[in-house]
Amino acid sequence: MKRSVLICDDEKNIRSGLAMAMELEGYQTFTAEDGQAAWSLINKESIDLVITDLRMPNLSGEELLKRVSSAYPRMPVIILTGHGTIETAVEAMRGGAIDFFTKPVDLDRLSLVVHKAISSSDLYVEHERLKLEVEQLKARNRYDRIIGKSQKMVALMDTVSQVAPTKASVLITGESGVGKELVADAIHELSNRSKGPFIKVHCAALTASLLESELFGHEKGSFTGAVKEKRGRFELADGGTIFLDEIGEIDATTQVKLLRVLQERQFERVGGEKSITVDVRIVCATNRNLPKEIEKGNFREDLYYRLNVVHLDVPPLRERKDDIPLLMTSFLTQFNEENNRRIEGFSNQAKRALLAYDWPGNIRELRNCIESAVVLCRTDVIEVEDLPMHIGKAQNTATVALEVGMTLAEAEKQLIISTLAGCAGNKTKAAQVLGIGRKTLHRKLQEYHIDEA
């Protein structure tokens, strides 16, 4: 869809000249001879950007700017002025104009400012659309901390909703950083046990002896340092859910005790003789391949089948790239609020880099990346330069081979040819990538005898 530019000036030659220049850049144009006519067009047509003179009859450029800024605060306005009114133009900038140009207008610079302003407006609209989609997605889901509309995530959450109200043990698998703990949270929140305790144990963080005591508790004096009786995590989780993260790390002795809990719902504290009965739903997670660990003799097969009544596999981020824009937007909103920033979105180049990267650290890595970008960003748009260097390099970029001895003119010719090829022959887009106006590009194509067909 063509973007539209309104040109407002009481001098007909300036109106028609600017309109012709904007049309050559691919924009639809509207013209008005004064501020009143421009205001009528703004309220009637779909206008993306306004270019207006300051001194006009009926309604001045200053008054038009005030009306636009009040009624359409996201509509960019560029001011045109004669040399004698530059101070007035600066005042207009303070009033909301994005830039000003003295007459005669530098068309190449105007083209770049118009493109940047409309692109920035598009970024804002896209960011707001994605924010709304995230909110709608959260509203549809009973558990709103997991964001995803990809086929794999929709299927996963459908299964979670079906499994959560049951008593079945659940084994969650997936790479590190994919959000296995969030899935466990969802299972508990959507279950009939949601008002009961939800106890989490990170098995890999504890030694074998400490883990056994942590899970099952111990009696006073059962080992050095056991100065008093301690209730274990299973007792604390009675009537609720226990989440055993990194279940593949537990030792053989603890595996035997855990198997008994699953079979009989009973256990003894370390150093104790009294059997304790609990009503606990067990949810486990691991990034290990447990069938392979069974083959190696590291994990009990009978325990595996007890834990794996329902198996949920959380896909890595590289297999659900449709969800990346939603996650980017959600994290951007979160870190804007946390850091008191007003970043409106991501440049197209930054988006391409984020989508091209394979995210070996999954959602955890993406979250950290966006937080870093929000903190380091110097403007209201996250650029590829604000991303970690290895992510910025992820996008496929064309290269130009420059040989020693090549003149600057020859190097420029090769750059223009490669850029045109990368833009599929679109001269407007190629000019924008090169940072020059379309007329300048057309002149260089003729100068270097580059076929425009």
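Relevant structure appears above.
Read on for a plain summary of the structure. Once a new chain begins, its residue numbering starts again from 1 and follows that chain's sequence as written. pLDDT decides what is reported in this predicted model: residues at 70 or higher carry local features, side-chain atom pairs at 80 or more are listed and counted, and totals for whole chains, interfaces and linings draw on all residues regardless. Only hydrogens and water are set aside when side-chain values are computed; all heavy atoms of the structure are taken into account.

With that settled, the discussion passes to the overall build of the protein chain. Segments assigned H or I by DSSP are reported as helices when at least four residues long, segments assigned E as strands when at least two residues long, and all are numbered from the N terminus. Along its length, the protein chain carries 19 helices and 16 strands. Relative to the compact-globule value of 22 Å for 453 residues, the protein chain shows a C-alpha radius of gyration of 32 Å, a clear excess of over 25%. In this scheme, a residue with accessible area under 20% of its type's maximum is buried, one over 50% is exposed, and one in between is partly exposed, where area comes from a 1.4 Å probe on protein chains only. Counting only residues that meet the buried cut, the protein chain has 45% of its 453 residues in that class. Two residues qualify as a contact provided that any one of their heavy atoms is within 4.5 Å of a heavy atom in the partner residue. Sequence-distant contacts in the protein chain: of pairs separated by 6 or more residues, those separated by 24 or more amount to 69%. As a reference, a globule follows 2.2 Å times the number of residues to the power 0.38, and the radius of gyration itself is taken over C-alpha atoms.

Each axis is a line fitted through C-alpha atoms, taken for helices only over the stretch in contact, and angles between the N-to-C directions span 0 to 180 degrees. Remark: helix α8 (residues 208-216) packs on helix α10 (residues 252-264), axes separated minimally by 10 Å, with the N-to-C direction vectors making an angle of 15°. Taken together, the axis directions place α8 and α10 in an arrangement best described as roughly parallel. Here the hand of the crossing between α8 and α10 comes out left-handed. Residues A208, L211, E212, L215 and F216 of α8 form the contact with α10, whose own contacting residues are T253, T254, K257, L258 and V261. Any residue that is not Ala, Val, Leu, Ile, Met, Phe, Trp, Tyr, Cys, Pro, Asp, Glu, Lys or Arg is counted as polar, Gly included; the first ten are nonpolar and the last four charged. The residue makeup of the contact of α8 with α10, split by class, is 6 nonpolar, 2 polar and 2 charged. Should an angle fall under 35 degrees it is taken as roughly parallel, and over 145 as roughly antiparallel, whereas 65 to 115 is taken as roughly perpendicular and any remaining angle as oblique. When the near helix sits turned anticlockwise from the far one by under a right angle, the crossing is termed left-handed; a clockwise turn instead gives a right-handed crossing.

For the rest of this paragraph, the subject is the sheet that holds strand β1 (residues 4-8). Strand pairing is assigned whenever DSSP identifies at least 2 bridges connecting the two strands. On the basis of which strands lie adjacent, the open sheet formed by 5 strands has the order β2-β1-β3-β4-β5 and parallel pairing. At either end of the open sheet lies a strand with only one pairing partner, and these are β2 (28-32) and β5 (99-102). When the angles between neighbouring strand axes are averaged without regard to direction, this sheet yields 20°. Sheet strands in contact with helix α1 (residues 12-24) are β1, β2, β3 (49-53) and β4 (77-81), and its direction is about 170° off that of β2.

Our focus in this paragraph is the pattern of salt bridges. By definition, a salt bridge exists where a carboxyl oxygen of Asp or Glu is found within 4 Å of a side-chain nitrogen of Lys or Arg. Here the structure, examined in full by the defined rule, presents 30 salt bridges. A salt bridge links E235 to R231; the shortest N-O distance between them is 3.9 Å. Overall, the relative accessible area of 11% leaves E235 in the buried class. Across the pair D302 and R300 runs a salt bridge whose closest N-O atoms are separated by 2.8 Å.

Turning our attention to the pairing of strand β6 (residues 170-173). Judged by which residues are buried, β6 turns out to be covered on both faces: V170 and I172 on one side and L171 and T173 on the other are all buried. With 4 bridges connecting them, β6 and strand β13 (residues 281-286) associate as parallel partners. Within β13, the residue paired with L171 across the bridge is C284. Judged from the 4 bridges that link them, β6 and strand β14 (residues 310-313) form a sheet pairing that is parallel. Residue pairing for β14: I172 is matched across the bridge by L312.

Right, let's talk about the layout of surface pockets for a bit. Volume-wise, the second largest pocket comes out at about 790 Å³. Here the term cavity refers to a set of points on a 1 Å grid, laid over the protein atoms alone, in which a 1.4 Å probe fits but cannot get out; the term pocket refers to an open set having protein on both sides within 12 Å along at least five of seven lines, with lining residues being those that place an atom within 4 Å of a point. Taken together, 34 residues make up the lining of the second largest pocket; nearest its centre are R145, G179, L182, I363 and R367. When contributions to the lining of the second largest pocket are tallied by element, the ones reaching two or more residues are α5 (107-140), α7 (180-189), β10 (241-245), α13 (324-339) and α15 (362-376). Looking at the lining of the second largest pocket, its residues break down into 12 nonpolar, 8 polar and 14 charged. Grid points are joined across faces, edges and corners, and a volume is the space filled by probe spheres set on the points.

Here we come to empty space enclosed by the protein. Taken as a whole and assessed by the stated rule, the structure comprises 2 cavities of 30 Å³ or more. Of all elements in the fold, only α1 and α5 reach the threshold of two or more residues within the lining of the largest cavity. By residue class, the composition of the lining of the largest cavity is 4 nonpolar, 1 polar and 3 charged. Taken as a whole, the second largest cavity holds about 30 Å³ of empty space. In terms of lining, the second largest cavity is formed by E25, S111, L112, H115, T428, A431, Q432 and I436. At the level of secondary structure, the elements contributing two or more residues to the lining of the second largest cavity comprise α5 and α18 (427-434). Looking at side-chain class alone, the lining of the second largest cavity contains 3 nonpolar, 4 polar and 1 charged residues.

Here the focus is helix α2 (residues 35-44). All of the buried residues along α2 are G35, A38, W39, L41 and I42. The arc that holds the buried residues of α2, viewed along the axis, is 160°, so those residues lie on one side. Two N or O atoms form a polar contact when they lie within 3.5 Å of each other; inside protein one atom must be a possible hydrogen donor and the other a possible acceptor, and for residues adjacent in sequence the pair counts only when both atoms belong to side chains. One side-chain oxygen of the residue at the start of α2 lies 3.1 Å from the amide nitrogen of Q36, identifying that residue as D34. Here the arc refers to the set of directions running from the helix axis out to each C-beta atom.

What follows covers the packing of aromatic side chains. A pair of Phe, Tyr and Trp rings is counted when the ring centres sit within 6.5 Å of each other, with Trp represented by its six-membered ring. The angle between the planes then sorts it: under 30 degrees is stacked, over 60 is edge-to-face, the rest tilted. All told, the structure shown has 7 aromatic pairs when counted by the stated rule. Ring geometry for Y304 against Y305: centres 5.2 Å apart, planes inclined by 65°, an arrangement best described as edge-to-face. Y305 gets classed as exposed once you look at its relative accessible area, which sits at 52%. Ring plane angle 85° and centroid distance 4.7 Å describe the contact between Y357 and W359, whose orientation is recorded as edge-to-face. Residue classification places Y357 among the buried residues on the basis of a relative accessible area of 12%. One aromatic cluster is present, formed by F216, F234 and F267 through successive ring pairs. Over the aromatic face of F101 sits the side chain of R109, whose NZ or CZ is 3.9 Å from the ring centroid. A ring is considered to have a charge above it if a Lys NZ or an Arg CZ atom is located within 6 Å of its centre and within 35 degrees of its normal.

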